Amino acid sequence: MKKMSKIVCILLAIFTSFSLLATDLKVGEPAPNFTLQATNGDYYQLSDYKDKQVVVLAWYPMANTRGCTIECKSLVEKGHLIREYNASYFMASVDPLDKNRDFAKKTGADFPMLSDPSKETAKAYDVLNIMRVASRVTFYISKEGKILKIDDDINTKTAAEDIAKHLKELNVEPALSK
């Protein structure tokens, strides 16, 4: 029984670490609108950013797991690199809000972490995998609401640096001075 539990845990880790189902969404297509509650209690809607900012939506499998913690800490520690651009960034999962709140508190997340417990937005973005959690995929969405880039090759350790690099490659304008 112990061996079977270990095998199940290993399989779960494998299935939640990789993007098992490539998204059917394509670059240039409209990104699905969403309204999701974040760990700060606010609701965020993609359409609110139309004509204002680029949106980076980083889906992750499960709160409080090793890979997701490493990715989140990258965004906490190097988020200033992303904030150099006129972009808002979010991490999102299908975890319940309370689980994401706990995760945000443990990691010191200083950005909104979105919860999609109904899995409707994850389905719309085609990131829900066979384990019924989100695959690790990051979407870059233009101010016009179109998909600029879909990244399913995420290095959790360098997530923030990679997001900033992609924003630069996509010619996203610098952040507005405050």
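Structure first, text after, so check above.
Remember, it's a predicted structure, so these values are computed and weren't measured experimentally.

(A) Structural detail: the overall build of the protein. The helix and strand inventory of the protein stands at five helices and seven strands. The order of helices and strands in the protein, counted from the N terminus, is α-β-β-β-α-β-α-β-α-β-β-α. Within the protein, buried positions represent 44% of all 178 residues. For the protein, the accessible surface area stands at approximately 9,400 Å², while carbon and sulfur atoms represent 55% of it.

(B) Local environment of the pattern of salt bridges. Tallied over the entire structure, the rule returns eight salt bridges. Salt-bridge contacts for R136 lead to E71; the nearest nitrogen and oxygen are separated by 2.5 Å. You can see R136 sitting in the loop between α4 (120-124) and β6 (138-141) and its partner E71 sitting in helix α2 (residues 66-82), a full 65 residues away along the chain. With respect to class, R136 is no different from E71; both count as buried.

(C) Examining the side chain of D151 more closely. Looking at where D151 falls in the secondary structure, it is placed in strand β7 (residues 147-151). Comment: no salt bridge for buried D151; closest opposite-charge side chain is K149, at 5.5 Å. Of note is the side chain of D151, whose polar atom sits 3.0 Å from the backbone nitrogen of D153. Those residues within four positions of D151 in sequence are excluded, and the remaining contacts are R136, V137, T138, Y140 and H166.

(D) A look at the packing of aromatic side chains. Under the defined criterion, the tally for this structure stands at seven aromatic pairs. Consider the rings of Y60 and F103, whose centres lie 5.7 Å apart with planes at 40°: the pair is tilted. Of the two residues, Y60 is situated in the loop between β3 (54-59) and α2 and F103 in helix α3 (residues 97-107); the sequence distance between them amounts to 43 residues. As far as burial versus exposure is concerned, Y60 and F103 are alike and both buried. By way of ring pairs, the aromatic residues F34, W59, Y125 and F139 are connected into one cluster.

(E) Fine view of the sheet that holds strand β1 (residues 35-38). The strand order across the open sheet built from seven strands is β2-β1-β5-β4-β3-β6-β7, with neighbouring strands paired in mixed fashion. Two strands close off the open sheet at either side, each with one partner strand: β2 (43-45) and β7. For this sheet, the mean inter-axis angle between neighbouring strands, taken without regard to orientation, is 30°. Where α3 meets the sheet, its contacts fall on β1, β4 (87-93) and β5 (113-115), and the angle it forms with β5 comes to roughly 165°. The sheet strands contacting helix α5 (residues 159-169) are β3, β4, β6 and β7, and the helix crosses β6 at an angle near 30°.

The rules behind each value
Residues numbered from 1 in each chain as written. Predicted model: local features only at pLDDT ≥ 70, side-chain atom pairs only at ≥ 80, totals over all residues. Heavy atoms only, no water. Helix = DSSP H or I, 4+ residues; strand = E, 2+ residues; numbered from the N terminus. Buried < 20%, exposed > 50% of the residue type's maximum accessible area, 1.4 Å probe, protein only. Areas by Shrake-Rupley, 256 points an atom, 1.4 Å probe, with all protein chains shown as cover. Salt bridge = Lys/Arg side-chain N within 4 Å of Asp/Glu carboxyl O. Lys, Arg positive; Asp, Glu negative; His and termini not counted. Polar contact = N/O pair within 3.5 Å; in protein donor to acceptor, adjacent residues only side chain to side chain. Contact = heavy atoms within 4.5 Å. Phe/Tyr/Trp six-rings, centres within 6.5 Å; stacked < 30°, edge-to-face > 60°. Pairing = 2+ DSSP bridges. Axes fitted to C-alpha atoms, helices over the stretch in contact; angles between N-to-C directions.

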